[in-house]
Amino acid sequence: MPPVIFRKGLDLKHEVAGVLAESYHSALVQDIKANDYRFSAGRLTIHLAREFGFCYGVDRAVDYAYQARKRFPDRRVFLTGEIIHNPHVNDQLRAQGIRFLTDPSEDAQAVGDRDVVILPAFGVTVQELQRLSTSGCTLVDTTCGSVLNVWKNVSRYARDGYTSVIHGKYWHEETRATASQALETPGGHYLVVLDKAEAAFVCDYIRSSTRPDASRRAEFVTRFAQASSQGFDPDVHLQRVGCANQTTMLSTESLEVGEMFRAAMRERYGDGELTSRFRAFDTICSATQDRQDAVVQLLDDETIDLMVVIGGYNSSNTCNLAKICAKKVPTYHIADPDGLLSSQQIRHRAVPDQVEVVTEGWLPAAGPVSVGLTSGASTPDNLVEVVVRTLETFTADAACPPSLAKLTGELRRDPP
Ligand code: SF4
């Protein structure tokens, strides 16, 4: 029997709208948007990026998860893993009674035909989908349309005899799922490059492939052992390449990586063969692009003393937002509002070291302070609100106690 798969919701959108609004929305954030994305309180001004927070894919995935729980109250409802990379959202789902197959206490092999399994926004590998389908469980597929678009391109590359070169993180669920699509066509292969340094190594290899070098080849195979398909032979499988990317990468870097491969293929095979040996599609999703463009715009338009970026440390799109901001101003990537320890201390993920640190003296102790604020595609607005309120408290002076603002719950606006 083919599995039951829900791909367009479960007809309970209105029934779960209330609990979703309660759990993730924020009236304060709506007010700030209406106030030209600006919040002022005493010496504090916060400039909110014009695009931030939940993207359309995450919105839909969370919505479907709540609908699934409501539709099947008497059945076990599982997620294959984190639905999105936000600990707060995942905790809320657990509170609804949704279980995670990646938890040590769960046995993914024990999923049966009475169970419901939700596939996350970034999708699952072909093998995992087959395994779940065989179990007979009911599937709720929340794979984002933008991810499906990448899969389409990668599948086409494989069918046409091109190796997919994926700019992404080989360990990331989305990239693993995307790479698995290349293997659906017999003879299909993939290679994942993390950044420009890895792309440069591969491009050098392509350029020098007229002069076989055993030690260089061995170095290649070792370096990409985990980031390439089984049996990947750089001397064979780099002769025709098609570029794609994880949807949440830094878009400027993805474009540069694509151009590096184009240049290497042109150099190796000449202009005449370029179209038959190289293809590229920009598969950064529009939500990621919009959020990245918005912080660039914010930093161009406003005078900002520091940026606060909110989102899970393992959220690729959040890390890239922090990377963009850190080039211009001191930037603090916090996993959630708890990172704001005090007006003196902040616990955050350092850019680019990617380790969690506690920084002292992050917030100017006196005088006007202008804070830029954004959040990743998996961060709900209610967490943004907590950050705004906490910053308000940290910068309040005795003449204007924050508790007053909290009591009134009103947004204090700039004079016109
Ligand atoms: S970040 Fe983009 S691809 Fe990922 S879920 Fe959101 S909209 Fe979809």
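Worth saying up front: this structure is predicted, and the values here are computed from it rather than measured. Residue positions are given per chain, counted from 1 along the sequence in the order it is written. This being a predicted model, a pLDDT of at least 70 is required before a residue's local features are given, and a value of 80 or more before pairs of side-chain atoms are given or counted; all residues contribute to the totals for chains, interfaces and linings. Excluded from the side-chain calculation are hydrogens and water; included are all heavy atoms of the structure.

Peer 1: Please clarify how the site of the ligand should be interpreted in this entry.
Peer 2: Whether a residue is near a molecule or strand depends on its heavy atoms: it is near if one of them lies within 4 Å of it. Residues in contact with the ligand, as listed here, are Cys-55, Tyr-56, Gly-57, Ala-121, Cys-144, Ser-146, Val-147, Thr-247, Thr-248, Cys-285, Ala-287 and Thr-288. A pocket here means an open set of points on a 1 Å grid, computed over the protein atoms alone, that has protein on both sides within 12 Å along at least five of seven lines. A cavity is instead a set of points where a 1.4 Å probe fits but cannot get out; residues with an atom within 4 Å of a point line either one. Throughout, a molecule is located in a cavity or pocket provided that more than half of its atoms lie within 2 Å of its grid points. Under a 2 Å grid-point criterion requiring more than half of the atoms, the pocket assigned to the ligand is the largest cavity. Listing elements by their share of the shell around the ligand, those giving two or more residues are α3 (56-71), α6 (145-159) and α13 (286-301). Grouping the amino acids of the shell around the ligand by side-chain chemistry returns 7 nonpolar, 5 polar and no charged. Note on conventions: DSSP H or I runs of at least 4 residues are helices, E runs of at least 2 residues are strands, and numbering of each starts at the N terminus. Each residue is assigned to one class: nonpolar for Ala, Val, Leu, Ile, Met, Phe, Trp, Tyr, Cys and Pro, charged for Asp, Glu, Lys and Arg, and polar for all the others, Gly among them.

Peer 1: For this particular structure, what's the right way to read the state of the cysteines?
Peer 2: Disulfide: a covalent bond connecting the sulfur atoms of a pair of cysteines. By disulfide we mean two sulfur atoms from cysteines, separated by a distance within 2.5 Å. Per the counting criterion, the structure on display carries 0 disulfides. Note on Cys-325: no disulfide assigned, nearest cysteine sulfur contributed by Cys-319 at a separation of 12 Å. A residue is classified by how much of its surface remains accessible, and Cys-325, at 0% relative accessible area, is buried. In this scheme, a residue with accessible area under 20% of its type's maximum is buried, one over 50% is exposed, and one in between is partly exposed, where area comes from a 1.4 Å probe on protein chains only.

Peer 1: Help me understand the sheet that holds strand β11 (residues 278-280) in this model?
Peer 2: Two pairing modes exist for strands in a sheet, parallel and antiparallel, and in both the strands are linked by backbone hydrogen bonds. What makes two strands pair is DSSP finding at least two bridges between them. Here we have 4 strands laid out as an open sheet, ordered β9-β8-β10-β11, and parallel in their pairing. Each edge of the open sheet is held by one strand with a lone partner, namely β9 (190-193) and β11. Each strand axis lies, on average, 20 degrees off the axis of its neighbour in the sheet, ignoring direction. In the sheet, strand β8 (residues 163-167) pairs with strand β10 (residues 241-245) via 5 bridges, with the strands oriented parallel. Its bridge partner being in β10, His-167 is matched across the sheet by Asn-245. A fitted line through C-alpha atoms serves as each axis, taken over the contacting stretch for helices, and the angle formed by two N-to-C directions is quoted from 0 to 180°.

Peer 1: Sorry if this is basic, but what is going on with the layout of surface pockets here?
Peer 2: Once rolled over the atoms, a probe with the size of a water molecule shows which space is left empty. In this structure, the largest pocket spans a volume of roughly 480 Å³. For the lining of the largest pocket, the leading source of residues is helix α14 (residues 316-326), giving 5 residues. Classifying every residue of the lining of the largest pocket by side-chain character gives 9 nonpolar, 7 polar and 6 charged. Of the pockets and cavities examined, the second largest pocket occupies roughly 410 Å³. Along the wall of the second largest pocket there are 22 residues; nearest its centre are Tyr-24, His-25, Phe-54, Asp-59 and Asp-381. Where the lining of the second largest pocket is concerned, the elements lending two or more residues are α1 (13-24), α2 (27-34) and α3. In terms of residue count, α3 provides more of the lining of the second largest pocket than any other element does, 5 residues in total. Each residue belonging to the lining of the second largest pocket can be placed in one class, and the counts come to 9 nonpolar, 5 polar and 8 charged. Grid points are joined across faces, edges and corners, and a volume is the space filled by probe spheres set on the points.

Peer 1: For this particular structure, what's the right way to read the packing of aromatic side chains?
Peer 2: Two aromatic rings, taken as a pair, are described by how far apart their centres are and by the angle between their planes. Stacked, tilted and edge-to-face pairs are distinguished by plane angle, under 30 degrees for stacked and over 60 for edge-to-face with tilted covering the rest, among Phe, Tyr and Trp rings (Trp via its six-membered ring) whose centres lie within 6.5 Å. Counted according to the given criterion, the structure contains 13 aromatic pairs. Centre to centre, the rings of Phe-201 and Phe-224 are 6.1 Å apart; their planes meet at 40 degrees, and the pair counts as tilted. Separated by 23 residues along the polypeptide, Phe-201 in helix α8 (residues 196-207) and Phe-224 in the loop between α9 (214-223) and α10 (234-237) bring together distant segments of the chain. Phe-224 matches Phe-201 in its accessibility class, with the two residues each being buried.

Peer 1: Could you clarify how one ought to interpret the sheet that holds strand β7 (residues 138-141) in this entry?
Peer 2: Sheet architecture is open: 5 strands sit in the order β1-β7-β6-β4-β5, paired in parallel fashion. The open sheet terminates on both sides in strands that have one partner only, identified here as β1 (5-6) and β5 (99-100). Where strand β6 (residues 116-119) meets β7, 4 bridges bridge the pair, whose relative direction is parallel. Each bridged residue has a counterpart across the sheet, and for Leu-119 the counterpart in β7 is Asp-141.

Peer 1: Would you explain the side chain of Thr-374 in this entry?
Peer 2: Looking at the secondary structure, you find Thr-374 in strand β16 (residues 369-375). Under the relative-accessibility criterion, Thr-374 is labelled buried at 1%. Ignoring sequence-local partners within four residues, the contact set of Thr-374 consists of Ala-49, Glu-51, Phe-52, Val-295, Met-307, Val-308, Val-309, Ile-310 and Leu-321. Whether two residues touch is decided by their heavy atoms; if any such pair falls within 4.5 Å, the residues are in contact.

Peer 1: It is not clear to me how the environment of Gly-376 should be interpreted in this structure. Could you clarify?
Peer 2: Structurally, the position occupied by Gly-376 is in the loop between β16 and α15 (381-395). Classification of Gly-376 as buried rests on a relative accessible area of 0%. In the structure, Gly-376 is positioned 220 residues away from Arg-156 in sequence and 30 Å away in space, judged by C-alpha atoms. Excluding residues that lie within four positions of it along the chain, Gly-376 makes contacts with Gly-53, Phe-54, Ile-310, Asn-317, Thr-318 and Leu-321.

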